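Secondary and tertiary structure notes
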Amino acid sequence: MKHVRFWLPLALTAIVYLGVNTGRGVIDYDEGYYAQPALRMAEVGDWITPYADGVRFLEKPPLLYWVTAASFKALGVGESALRLPTALAVVALAGVVTLTARLVVAPFAAALAGLSAAFSVGTFLFTRETLHDVWLVLFLAVAMYAFLKWRLTPSRPLGAALLFYAALAGGVMCKSLVGLAFPLGVALLFFLWNRELPAWRTLHLLPGLLLFLLLAVPWHWLAAVHNEGFLDFFFVKEQFLRFLGRREPPVLWSVPVVNFWALVLVWFFPWIAFVPAAFAGARQADGESGGSTRLLRRLAVAWLAVVLGFFTFSARLEHYAFPALPAFALLVALAFDRVAKARDGGGGACHPAEGRSGKALAWGYRALAAAGVLALVFGVAAAVWLSSGDALPANSAGPADRLAENDFSIMAEMPPEVVRGLLAPAAATVAALAAGFPLALFFFSGWRDGKGRWRGKAAALTVVAVMALVCAMAHWSLVVCEDLISSKGFGLALAAQARPGDRLVVVGDYESANSLNFYQPLRVEVVEGTAYALLPGLRYPDAPPVLMASDEFKKLWASASRVFVLLPEARRKELTPDGVTITRRLHRVLVKNR
């Protein structure tokens with residue numbers, strides 16, 4: 001049964017995350033950028049220098065590109081192969097969080113830790129694109145597992161220490177210095193909190209440092225050899241100056257601190273409702289466990305403090321809270337473990353030892369049930385409002401400037417036809433919340449009344465089932481929004497017509513259409529816009545021309561060369577000659593001059 005409980009979070013996570021792994025276009029901007037180096041590595045075999053649109057793209061370390069290129073090599077180039085490593089990383093994350101919790105709590109509570117880490121709003125939304133962040137979160141979780149195992153074992157084993165140092169190297173290879181700062185910061189804060197000063201010999205510094213250097217240094221050295229000025233750009237400008245807000249080109253956006261902290265509650269929904277129960281009755285629980293629960297709780301809190309504290313003082317986007325979510329999951333495990341052990345010790349009825357932790361857990365279920373009822377009320381009200389016929393926006397034409405957006409600001413620019421397409425998944429989401437969360441409360445209340453041990457597990461698994469359905473609806477919503485967030489339709493149309501020697505120009509920022517590079521062979525050129533993330537790479541003397549002046553474009557469009565241009569449909573009449581329309585998607589149109 002213990003093995004079943006360990007495999008439960010892995011199996012359920014794999015079913016959901018692999019099940020929604022395809023059927024969606026590559027998303028413009030971040031995913032459009034990060035898919036390209038992997039694609040080139042698989043095709044050309046240069047595993048040292050990442051490129052995007054033919055330009056050096058040295059902002060991030062290469063681990064994401066390596067695993068994605070390997071996926072392309074194994075499965076062929078496609079959206080499924082592109083996103084498979086990310087999906088598998090989430091499955092691995094669920095497993096690592098489960099193993100970490102199992103060092104202290106009972107198997108089912110540990111399984112809930114893995115499930116809550118995987119089936120929270122933030123984890124799902126932040127892994128819908130191919131991004132570096134999930135790998136940072138995974139290696140941070142591995143480092144924390146190794147650290148806790150090392151701390152709980154009196155002999156301070158070498159194996160756990162080496163795993164910690166290897167995870168440090170993994171973090172550096174996927175997200176650079178922050179992959180080093182987070183786990184070391186958590187360990188340091190943990191030691192300070194516990195007033196511990198570990199013996200140097202127990203830290204296994206020499207073999208650990210050698211392992212770290214062996215894993216982390218070679219690529220950085222080779223990248224410096226192949227790319228002049230790499231070390232200054234990569235470490236000074238992209239790490240230290242970025243943190244200090246002095247990066248050039250400057251960071252264009254940052255979520256306000258208050259919004260960032262408030263949204264953390266959303267990203268760990270619905271499990272955030274159970275986090276207070278991890279602290280209710282904590283002193284008694286710590287005494288009964290011999291202090292191991294106290295260590296796990298302090299590790300989780302130190303984890304939260306380091307991650308969220310770091311981004312309180314640095315520029316931040318919504319998804320930068322992602323590395324904190326596994327720490328919340330460990331607190332969820334403590335909450336459920338305390339109540340389950342008290343109930344088992346009391347013979348199944350409401351036992352006095354359950355105390356405040358059981359009440360806090362009950363209030364968590366009540367809060368979720370209330371949220372389900374509110375979702376139903378607002379859903380019905382929205383349906384009535386929309387049925388009036390005048391509720392949808394009449395003139396929204398989609399995003400005007402991708403460089404001005406945060407992670408989810410595009411939601412404010414949705415055309416009415418996209419909004420209408422989202423009504424069905426929204427209705428299904430409301431139905432799941434309205435039915436599932438009260439059902440979970442029903443099971444939990446019956447369990448507290450001694451009506452069956454299975455009801456306690458059924459309550460928690462009902463919350464998991466609700467979130468699995470919500471994840472499926474979020475995937476459906478992204479499919480509906482494909483033409484708004486991706487240039488896939490234009491890329492496929494280009495792939496059917498493009499020939500060697502043709503030119504492709506995007507009117508506006510490159511980031512508004514950089515997923516084109518994934519679907520068709522032409523290099524993208526930009527007029528009346530910029531290619532923000534490519535600016536450092538464009539300074540190299542061998543960089544191809546990407547940014548084009550308006551006069552240059554007009555001459556090219558009127559020349560004998562065959563030119564494709566992607567532009568807002570409102571500007572279609574500005575082309576001279578007017579050209580031939582290939583395809584329209586929402587607010588944009590693809591045209592060729594001959």
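Just above sits the structure.
Scope of this entry: the structure provided in the associated data block.

Conventions used here
- All chains use their own residue numbering, which begins from 1 and follows the written sequence.
- The predicted origin of the model limits local features to residues at a pLDDT of at least 70 and limits the giving and counting of side-chain atom pairs to 80 or more, whereas totals for whole chains, interfaces and linings rest on all residues.
- Only hydrogens and water are set aside; all other atoms, that is, all heavy atoms of the structure, feed into the side-chain values.
- Each salt bridge in this description consists of a side-chain nitrogen of Lys or Arg and a carboxyl oxygen of Asp or Glu lying within 4 Å of one another.
- Think of it this way: any DSSP run of H or I at least four residues long counts as a helix, any run of E at least two long counts as a strand, and we number them from the N terminus.
- We call a residue buried when its accessible area falls under 20% of the maximum for its residue type, exposed when it is over 50%, and partly exposed in between, using a 1.4 Å probe and counting protein chains only.
- Ring geometry is summarised as follows: Phe, Tyr and Trp rings, the Trp one being its six-membered ring, pair when their centres sit within 6.5 Å, and such pairs are stacked at plane angles under 30 degrees, edge-to-face over 60 and tilted between the two.
- Note on geometry: a ring has a charge over it if NZ (lysine) or CZ (arginine) is within 6 Å of the ring centre and within 35 degrees of the ring normal.
- Here a residue-residue contact requires only that any non-hydrogen atoms of the pair lie within 4.5 Å.
- To obtain an axis, a line is fitted to C-alpha atoms, over the contacting stretch when the element is a helix, and the angle between two such axes runs from 0 to 180 degrees between their N-to-C directions.
- Angular relationships are summarised with four words: roughly parallel below 35 degrees, roughly antiparallel beyond 145, roughly perpendicular across 65 to 115, and oblique for the angles in between.
- Definitions for this section: a left-handed crossing has its near helix turned counterclockwise from the far helix by less than a right angle. A right-handed crossing has that turn clockwise.
- For this classification, the nonpolar set comprises Ala, Val, Leu, Ile, Met, Phe, Trp, Tyr, Cys and Pro, the charged set comprises Asp, Glu, Lys and Arg, and every other residue, Gly included, is treated as polar.
- Two strands make a pair as long as DSSP finds a minimum of two bridges between them.
- Here a helix's expected span is defined as the number of its residues, less one, multiplied by 1.5 Å.
- Note that His is not counted, nor are the chain ends; the positive residues are Lys and Arg, and the negative ones are Asp and Glu.

Comments concerning the pattern of salt bridges
As enumerated under the stated definition, the model contains 14 salt bridges in all. Between Asp-502 and Arg-562 there is a salt bridge whose closest N-O contact spans 2.9 Å. Here Arg-562 lies in the loop between helix 23 (550-558) and strand 6 (563-568) and Asp-502 lies in the loop between helix 21 (488-497) and strand 3 (503-507), a separation of 60 residues in the sequence. Taking the relative accessible area as the measure of exposure, Arg-562 reaches 11% and is therefore buried. One salt-bridge network, held together by shared partners, links Glu-528, Arg-571 and Glu-574.

Section: the packing of aromatic side chains
Scanning the model with the defined rule gives 37 aromatic pairs in all. Consider the rings of Phe-443 and Trp-454, whose centres lie 5.7 Å apart with planes at 65°: the pair is edge-to-face. Placement of Phe-443 in helix 18 (residues 423-448) and of Trp-454 in helix 19 (residues 454-480) is noted, with a sequence separation of 11 residues between them. Following the ring pairs from residue to residue traces out a cluster consisting of Phe-147, Trp-150, Phe-164, Tyr-165, Phe-190 and Phe-191. Note that Lys-457 overlies the ring of Phe-108, its terminal NZ or CZ placed 5.3 Å from the centroid.

Regarding the environment of Ala-360
Following the sequence through the fold, Ala-360 ends up in helix 16 (residues 355-386). Ala-360 sits 83 residues away from Ala-277 along the chain, and the two C-alpha atoms are 4.8 Å apart. Leave out the neighbours within four places in its chain, and Ala-360 touches Pro-276, Ala-277 and Ala-280.

Section: the packing of helix 2 (residues 30-44) against helix 3 (residues 63-75)
To describe two helices that pack against each other, one gives the angle between their axes and the distance between the axes. Where helix 2 contacts helix 3, the axes come no closer than 8 Å and their chain directions differ by 55°. Taken together, the axis directions place helix 2 and helix 3 in an arrangement best described as oblique. Like other packed secondary-structure pairs, helix 2 and helix 3 cross with a definite hand, here right-handed. Between helix 2 and helix 3, the residues in contact are Tyr-34, Ala-35, Pro-37, Ala-38, Leu-39, Met-41 and Ala-42 and Leu-64, Tyr-65, Trp-66, Thr-68, Ala-69, Phe-72 and Lys-73, respectively. A per-class count over the contact of helix 2 with helix 3 returns 12 nonpolar, one polar and one charged.

Observations concerning unusual backbone geometry
Working note: non-glycine residues mostly have negative phi, and peptide bonds are mostly trans. A cis geometry characterises the amide bond from Phe-269 onward to Pro-270, with omega recorded as 5°. Topologically, Pro-270 is positioned in the loop between helix 12 (257-267) and helix 13 (282-288). Despite not being glycine, Tyr-29 has its phi angle at roughly 85°, a positive value. Assessed through its relative accessible area of 11%, Tyr-29 is described here as buried. In this model, His-204 sits at a positive phi of 50°, which is unusual for a non-glycine residue.

A short note on the pairing of strand 7 (residues 580-585)
Where strand 7 and strand 8 (residues 588-592) come together, five bridges link them in antiparallel fashion. Bridging across to strand 8, Arg-584 finds its partner in Val-589.

What about the environment of Lys-341?
Structurally, Lys-341 is set in helix 15 (residues 325-345). In this structure the C-alpha to C-alpha distance between Lys-341 and Ala-106, which are 235 residues apart in sequence, comes to 8.3 Å. The residues touching Lys-341, leaving out its near neighbours within four places in the chain, are Val-104, Val-105 and Ala-106.

Some points on helix 8 (residues 158-175)
An ideal rise of 1.5 Å per residue puts 26 Å on 18 residues; helix 8 measures up with 26 Å between its terminal C-alpha atoms. With 13 of its 18 residues buried, helix 8 lies for the most part within the structure. Count one or two residues on from helix 8 and you reach Ser-176, which has phi positive near 65°.

Examining the side chain of Asp-53
Within the fold, Asp-53 resides in the loop between strand 1 (51-52) and strand 2 (55-56). Look at Asp-53: it is buried, it has no salt bridge, and the nearest opposite charge is Arg-523 at 4.9 Å.

Digging into the pairing of strand 4 (residues 524-527)
By the alternation rule, side chains of strand 4 split into Val-524 and Val-526 and Glu-525 and Val-527, which are all buried. Direction of pairing for strand 3 relative to strand 4: parallel, over a ladder of four bridges. By the bridge assignment for strand 4, Leu-504 is matched with Val-524.

A word on the environment of Ala-302
Along the chain, Ala-302 turns up in helix 14 (residues 292-313). For Ala-302, a relative accessible area of 0% gives the class buried. Between the alpha carbons of Ala-302 and Ala-327 there is a distance of 8.8 Å; along the sequence they are 25 residues apart. With sequence-adjacent residues up to four places away left out, Ala-302 is seen in contact with Val-186, Leu-189, Phe-190 and Trp-193.

Function-wise, these values are silent; they only describe arrangement.
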